[in-house]
Amino acid sequence: MQIVLVAVVMLLLLLLIKEVIQPLHALISVMFTFFLFSLLFTMLLMPFVKQLHEMLAFLPYAKAILVSASLFYVGQWVSLLLVEHSYKVLGGIVLDAVKVVIMLYWLKEFIEVLQEVSSILQRLN
């Protein structure tokens, strides 16, 4: 309920700013969007991911999947915001950077698995 109230107040402020200070409307709308997203992220997404991780802790790669999905969601959101404000190239770069970060995270997990498999194969010889 608090998030809805904050969103309504932000919308009213944005409408007021759009009517009074038109040149600053785009800048302030982006600032409000990031503020609202950070509020949603800290109040909804992070507790949800933590709870989901606790429920799925018995699965071997649950944390990696949750981190990957969360990073991709945030990256996609920022990319769409940038594209919406006519920064299509920058939005694509952000989305590609998030994909690289996710791949590097999974590469670390993959290297650990390869080391375990390698140690098992060395024991067999």
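Before any of the text, the structure's been laid out above.
A brief structural summary.

What counts and what doesn't
- Residues numbered from 1 in each chain as written.
- Predicted model: local features only at pLDDT ≥ 70, side-chain atom pairs only at ≥ 80, totals over all residues.
- Heavy atoms only, no water.
- 1 Å grid on protein atoms, 1.4 Å probe; cavity = no way out; pocket = protein on both sides within 12 Å on 5 of 7 lines; lining within 4 Å.
- Points joined across faces, edges and corners; volume = space filled by probe spheres on them.
- Helix = DSSP H or I, 4+ residues; strand = E, 2+ residues; numbered from the N terminus.
- Axes fitted to C-alpha atoms, helices over the stretch in contact; angles between N-to-C directions.
- Parallel < 35°, antiparallel > 145°, perpendicular 65-115°, else oblique.
- Left-handed = near helix turned anticlockwise from the far one by under 90°.
- Contact = heavy atoms within 4.5 Å.
- Nonpolar A, V, L, I, M, F, W, Y, C, P; charged D, E, K, R; others polar.
- Buried < 20%, exposed > 50% of the residue type's maximum accessible area, 1.4 Å probe, protein only.
- Patch = residues over 30% accessible without salt bridge, like charges linked within 9 Å, V, L, I, M, F, W, Y side chains within 5 Å.
- Areas by Shrake-Rupley, 256 points an atom, 1.4 Å probe, with all protein chains shown as cover.
- Salt bridge = Lys/Arg side-chain N within 4 Å of Asp/Glu carboxyl O.

Considering the layout of surface pockets
And then number 1: By volume, the largest pocket amounts to about 160 Å³.
And then number 2: If you go around the largest pocket, the residues you meet are F41, M46, V49, K50, H53, K63, L66, V67, S70, L71 and V74.
And then number 3: Elements with a contribution of two residues or more to the lining of the largest pocket: α2 (25-55) and α3 (62-84).
And then number 4: It is α3 that contributes the most residues to the lining of the largest pocket, six residues altogether.

Considerations on the packing of α2 against α3
And then number 1: Put simply, α2 and α3 touch, their axes get as near as 12 Å, and they point 165 degrees apart. As judged from the angle between their axes, α2 and α3 are roughly antiparallel. As α2 runs across α3, the sense of the crossing is right-handed. On the side of α2, the interface is formed by V30, T33, F34, F37, F41, L45, V49, L52 and H53, while α3 contributes K63, L66, S70, Y73, V74, W77, V78 and L81.
And then number 2: Here the contact of α2 with α3 is built from residues that sort into 13 nonpolar, three polar and one charged.

Structural notes on the environment of I111
And then number 1: Checked against the element boundaries, I111 lands in helix α4 (residues 88-124).
And then number 2: Exposure remark for I111: the relative accessible area of 41% places this residue in the partly exposed category.

Describing a nonpolar patch on the surface
And then number 1: On the surface, L5, V9, L13, L16, V20, I21, L24, L27 and M31 cluster together into a nonpolar patch covering about 820 Å² of accessible area.
And then number 2: Broken down by secondary-structure element, the contributors of at least two residues to the nonpolar patch are α1 (2-20) and α2.
And then number 3: With five residues, the top contributor of residues to the nonpolar patch is α1.
And then number 4: Structurally, L13 is set in helix α1.
And then number 5: Overall, L13 belongs to the partly exposed group, its relative accessible area being 37%.

Any functional reading would require information that these geometric values do not contain.
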